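Below are the chains, spelled out letter by letter.
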Amino acid sequence: MGKHWLMLVLSVGLLCIYSLDWIYCDQETRRYAWILDNFTERLERTLQSEVNQHKHAIEAVRRFMLAGEAIPDKETFERFARRLLPFYPEIIELSYSDANYIIRYLYPEGAGLSRIGEDLTDISRSPYFLTATLKAEREQIITVNRLPVVKQAGGDVLEYRAPLFVGDNFRGMVWVTVAPITVLHKAVKKVDPALEHNECMYHVEVGVPGGDPFYMANHLADNSPVREFTLTVADVQWQVKTGWSRVPRPSIYIRGLIWGLGISTLSLLLLLINGLIRRQAWLLQAVDQKNRELLLKNKLLELEMQEHRNTEQALRQSEERMATLLAAVPDKLFRVSRAGKILDVEVKKPEDLYMPKAEILNKNIVDVLPAEVWKKFLDAGEKMLTTGEPLTVKYQLAKNNVKKEYESRLAVSEKDEILVIIRDITEQRQDEACERLLTQISAKVLEEASIEDILSYTCEQLAAVFSISFARVSLKTDDGTGKISAVAGRLAKVESGRLRYSEKGRLSRLAIRTGELQVVQHKKRLSNWQEKLIAESGADKDAIQSEIALPLNLKGSTAGALYLISNIPHYWNERIVARLQRFAGQLAIAVSAAASRQHRRLLIPDWRLLPMPLSLPTGMAILSGLIRPLAS
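A short tour of the structure in this document, coming up. (Residues numbered from 1 in each chain as written. Predicted model: local features only at pLDDT ≥ 70, side-chain atom pairs only at ≥ 80, totals over all residues. Heavy atoms only, no water.)

1. Points about the overall build of the chain
No. 1: Summing up its helical and strand segments, the chain has 16 helices and 20 strands in all.
No. 2: Per-residue burial over the chain gives 42% buried out of 632 residues.
No. 3: Intrachain contacts of the chain at a sequence separation of at least 6 include 57% that bridge at least 24 residues. (Helix = DSSP H or I, 4+ residues; strand = E, 2+ residues; numbered from the N terminus. Buried < 20%, exposed > 50% of the residue type's maximum accessible area, 1.4 Å probe, protein only. Contact = heavy atoms within 4.5 Å.)

2. Structural notes on helix 5 (residues 252-288)
No. 1: Along its 37 residues, helix 5 runs 54 Å from first to last C-alpha, staying within 8% of the 54 Å computed at 1.5 Å per residue.
No. 2: All of the buried residues in helix 5 are I258, G262, L266, I273, L283 and V287.
No. 3: At the N-terminal end of helix 5, a side-chain oxygen is found 3.3 Å from the backbone nitrogen of Y253, two or three residues along, and the residue is S251. (Expected span 1.5 Å × (residues − 1). Polar contact = N/O pair within 3.5 Å; in protein donor to acceptor, adjacent residues only side chain to side chain.)

3. Looking at the nonpolar core
No. 1: Among the nonpolar cores identified, the biggest contains 52 residues, and L43, M65, L94, Y160 and W238 are the most heavily contacted of them.
No. 2: Looking at this core element by element, the count peaks at eleven residues for helix 1 (residues 2-65).
No. 3: Grouped together as the second largest cluster of nonpolar side chains are 37 residues, V445, L462, A471 and A590 included. (Core = buried A, V, L, I, M, F, W, Y, C linked by side-chain atoms within 4.5 Å.)

4. Observations concerning the pattern of salt bridges
Where charged atoms from two side chains of opposite charge approach closely, those side chains can pair.
No. 1: Tallied over the entire structure, the rule returns 19 salt bridges.
No. 2: With its nearest N and O atoms 3.2 Å apart, the salt bridge here joins R62 to E59. In this pair, R62 and E59 both sit in helix 1, three residues apart, roughly one turn of the helix.
No. 3: With a relative accessible area of 21%, E59 lands in the partly exposed category.
No. 4: For D431, the salt bridge identified is with R575, shortest N-O distance 3.5 Å. Here D431, found in helix 10 (residues 426-446), pairs with R575, found in helix 15 (residues 574-603); they are 144 residues apart in sequence, far enough to count as distant.
No. 5: Overall, the relative accessible area of 1% leaves D431 in the buried class.
No. 6: The structure contains a network of salt bridges with shared partners spanning E50, E90, K186 and K190. (Salt bridge = Lys/Arg side-chain N within 4 Å of Asp/Glu carboxyl O.)

5. Describing the packing of aromatic side chains
No. 1: In this structure the tally under the stated criterion is ten aromatic pairs.
No. 2: Where F39 meets Y202, the ring centres are 4.0 Å apart and the plane angle is 5°; that geometry is what we call stacked. Here F39 is found in helix 1, whereas its partner Y202 is found in strand 6 (residues 202-207), with 163 residues between them in sequence. When sorted by exposure, F39 lands in the same class as Y202, which is buried.
No. 3: Through a chain of ring-to-ring contacts, three or more aromatic side chains come together here, namely F39, Y202 and W244. (Phe/Tyr/Trp six-rings, centres within 6.5 Å; stacked < 30°, edge-to-face > 60°.)

6. Describing the pairing of strand 14 (residues 418-424)
Along a regular strand, successive side chains alternate from one face of the sheet to the other.
No. 1: Side chains I418, V420, I422 and D424 of strand 14 all project onto a buried face; the interleaved residues L419, I421 and R423 project onto a face where none is buried.
No. 2: Inspection of the sheet shows strand 13 (residues 402-412) paired to strand 14 by seven bridges, in the antiparallel sense. When the sheet's bridge partners are listed, Y406 is paired in strand 14 with D424. (Pairing = 2+ DSSP bridges.)

7. Some words on the packing of helix 1 against helix 4 (residues 180-191)
No. 1: Two elements in contact, helix 1 and helix 4, have axes separated by 9 Å at closest approach and are oriented at 140°. In terms of axis orientation, helix 1 runs oblique to helix 4. At the point where helix 1 passes helix 4, the crossing takes the right-handed sense. Residues F39, R42, L43, T46, L47, E50 and H54 of helix 1 form the contact with helix 4, whose participating residues are V183, L184, K186, A187, V188, K190 and V191. (Axes fitted to C-alpha atoms, helices over the stretch in contact; angles between N-to-C directions. Parallel < 35°, antiparallel > 145°, perpendicular 65-115°, else oblique. Left-handed = near helix turned anticlockwise from the far one by under 90°.)

8. Some points on the environment of A217
No. 1: Its place among the elements puts A217 in strand 7 (residues 213-217).
No. 2: It is 9.1 Å that separates the C-alpha atoms of A217 and S245, two residues lying 28 residues apart in sequence.

9. Some thoughts on the side chain of E78
No. 1: Checked against the element boundaries, E78 lands in helix 2 (residues 74-84).
No. 2: This buried residue, E78, is left without a salt bridge; K74 holds the nearest opposite charge, at 4.0 Å.
No. 3: Setting aside residues no more than four positions away along its own chain, E78 makes contact with L106, Y107 and E109. (Lys, Arg positive; Asp, Glu negative; His and termini not counted.)

10. Description of the packing of helix 10 against helix 11 (residues 451-465)
No. 1: Packing of helix 10 against helix 11 leaves a shortest axis separation of 11 Å and a crossing angle of 170°. If you check the angle between helix 10 and helix 11, you find them roughly antiparallel. Listed contacts from helix 11 to Q430, A433, L437, Q440, I441, K444 and V445 of helix 10 are I454, Y457, T458, Q461, L462 and V465.
No. 2: In terms of residue class, the contact of helix 10 with helix 11 is built from eight nonpolar, four polar and one charged. (Nonpolar A, V, L, I, M, F, W, Y, C, P; charged D, E, K, R; others polar.)

11. So, the sheet that holds strand 7
No. 1: Here four strands make up an open sheet; going across it, the order is 7-6-9-8 and the pairing antiparallel. Strands with a single pairing partner mark the edges of an open sheet, and in this sheet they are strand 7 and strand 8 (227-233). This sheet shows a mean twist of 20° between the axes of neighbouring strands, independent of strand direction.
No. 2: Relative to strand 9 (residues 236-244), strand 6 runs antiparallel, the two being bridged by six bridges. The partner of V204 across the bridge, within strand 9, is T242.
No. 3: Its contacts with the sheet put helix 1 on strand 6, strand 8 and strand 9, and the angle it makes with strand 8 is roughly 5°.

Structural data, given as structure tokens:
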């Protein structure tokens, strides 16, 4: 047995160490992913800001050219260009072409990219001209090359072009030539200066969708995650990708520390457990010597065990008699389209519907049901339309402050519609909860729990199962008064002592005195103790709408009363009353059995702890009893 414990502790310890290592690695991976996302977001904002500056520049040039009635002369154009270019160092050249696309103005003239008098419609000299230029004239928008192009000795450049229109009269076009690589370098440097010299772990790649990149900083690692975003440059879009050039890994030193400390702690724990197991073996040997002295007391234990079996049999028979459920509520039938529209409703009792029939026909379930309910239906409908298998959905709805539970069966019809069969299973759930409660009460009786614990647990469970704001059990005492043994519910407060019927228990008093059921379906006026209870709990007076007192009858006598308050008027219908009456009868049996067992426990010494044959806990108790006198 000791080896099994050691193996179990070893396995659990190794699993904990591995889990801690996995959690650390996972957290580091998430942290690096966040770092990459943050870098990508900042890069996107910076790049978009840079390219927008060029658009602002060409807009400024266009407004300048159209400021007067005539196109400014060359000297005025050059003077304006000299003032503008210091604000935009990435701009290589400014030019103006007339309506025939012949360059008339150019600044600076020594850039080597264009020449005054050059005909831009000459495809052999300006192969990059036609598409973007004609689009700018035709749509009267600012355009730019889809890709950087090589223009003579100027290297890769981008040319922004803006048409000049006065009304419908085309008067030429202004051109702004930019070095894109310089722009990208500047933007990337603002985000991470180390990228300018390819000394960073980040990878940046810029290109057009579906094409090769024209700018790249660092190579992308094979197993690196990739982030993408689209950059709008005038009328075209560039695709920017980011990733890791060297994928960061969790620290091997921290992982080593986790495993080192874990193995050390596990080793100490195994040594401690091994010592405890050895001590336990020694105690077992000492206990074994006292077994002969306990054989005579085993006969009493056998009688007690037989009594246990008889009690279990009686409780089991009682549970079987209470196992019959109420008749099922007639089902409701809905026809729903694939889009969730309610086409038809068939129901025997229209008042059972969540909303009037006229208000839900031809409406989507999203507009009819609460969000947490229609989401279940949509998920089940999608899954069912995929698999073709019927599905069941269970949910809760509240109507007139009464919460009910439903079970819906979904199936696909031949017309490609969804048939929904809805059944009210509230009563079934309440019956099942009562049966479970009786089983749990039986277990508490067998465990010899106190009557107060059993009744407190009973009140708490009843308040959770039914629409009850207050539950109380009062047991009859020898002098004929009632003693409050348990209370529960949102109006409940700690009460003790005897029940004064004139103040707190008129209905309970009648139930105990007559042994008959007492019901008030609509509480028009609260008693003094109920008003005090409302004031102390801070609840509304609507919390007390109806009340019921059920006598705990057993063999012709009344042991007490079960008193319940509901916040719903006329809540105690025939089914609930019958259910509670059967429950009160079984509760009376359980209370009587618990009282009998407590009475026997006061008369008989605690010899039941002695095993046959002797078990380890019993032996430990005996050994403790033998050692205590020696120590004193």
